[in-house]
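Residue-level structural notes
Chain residues, written in single-letter form:
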Amino acid sequence: MKKTVICPGSFDPVTLGHLDIIKRSANMFDHVIVGVLVNSSKTPCFSIDERIGFLKEVTQDIPNVEVVSFDGLLAQYCKERNVDAIVKGLRAVSDFEYEFQMAITNKKLNPQLETIFLMANSESMYLSSSMVREVASMGGNISNFVPKCIHDRIVNRISNLRNH
């Protein structure tokens, strides 16, 4: 039986930590949906189309990955797409508390839906999109934090925001 999972997030921007979780999920499951959340309460640094484009570019060599955007409830989207499980990366105990609450909520909304937690690898345990944005906004080197193929576009956008 074909197993489909979703790796949801805002990916603003996608980091090497995100990419690690996506690749590991693709090795374990038949189909991985990378779901870019449209969150109207946040003002992202990159548009939804840019984030989807970055993700498609960095996952183009992984044949069982599909990149989509969605809004609304993740549990409902998973029901509509016949998703078996949500895969979330955990960096620290503080991540677990929030993600545990989300997992319970999603299970209540969609009883067939499981949540799987993958530990971040040691190279990306500290990494978050907000940290990447902060380092880049102060002119710091983010080359060890984001995929090489999108690095310059991320730096250019964030430095343009800093200069305005």
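Everything below is about the structure printed above this text.
Only a predicted model underlies this, so the values are computations on that prediction, with no experimental measurement involved.

**Here's the deal with the pairing of strand β1 (residues 4–9)**
The element β1 is largely enclosed, with a buried count of 6 among its 6 residues. Burial along β1 is two-sided: the face carrying T4, I6 and P8 and the face carrying V5, C7 and G9 are both buried. On the question of chirality, the crossover connecting β1 to the parallel strand β2 (residues 31–37) by way of helix α1 (residues 16–28) is right-handed. For β1 and strand β4 (residues 85–90), the ladder comprises 2 bridges, and the chain directions are parallel. Bridge pairing links V5 to A85 in β4.

**Observations concerning the pattern of salt bridges**
All chains considered together, the criterion is met by 8 salt bridges. The partner of R81 in a salt bridge is E66, and the shortest N-O contact between them spans 2.8 Å. With R81 in the loop between α3 (74–80) and β4 and E66 in strand β3 (residues 65–70), this residue pair connects regions lying 15 residues apart in the sequence. What makes E66 partly exposed here is its relative accessible area of 24%.

**Comments concerning the side chain of D12**
Its location among the elements puts D12 in the loop between β1 and α1. A distance of 2.9 Å separates the side chain of D12 from the backbone nitrogen of F46, its partner in a polar contact. The contact partners of D12, leaving out residues within four places of it in the chain, are P44, C45, F46, R51, S129 and R133.

Cut-off values and rules
- Residues numbered from 1 in each chain as written.
- Predicted model: local features only at pLDDT ≥ 70, side-chain atom pairs only at ≥ 80, totals over all residues.
- Heavy atoms only, no water.
- Buried < 20%, exposed > 50% of the residue type's maximum accessible area, 1.4 Å probe, protein only.
- Helix = DSSP H or I, 4+ residues; strand = E, 2+ residues; numbered from the N terminus.
- Right-handed = clockwise from strand over helix to strand, strands pointing away.
- Pairing = 2+ DSSP bridges.
- Salt bridge = Lys/Arg side-chain N within 4 Å of Asp/Glu carboxyl O.
- Polar contact = N/O pair within 3.5 Å; in protein donor to acceptor, adjacent residues only side chain to side chain.
- Contact = heavy atoms within 4.5 Å.

Read these as spatial facts, not as claims about activity.
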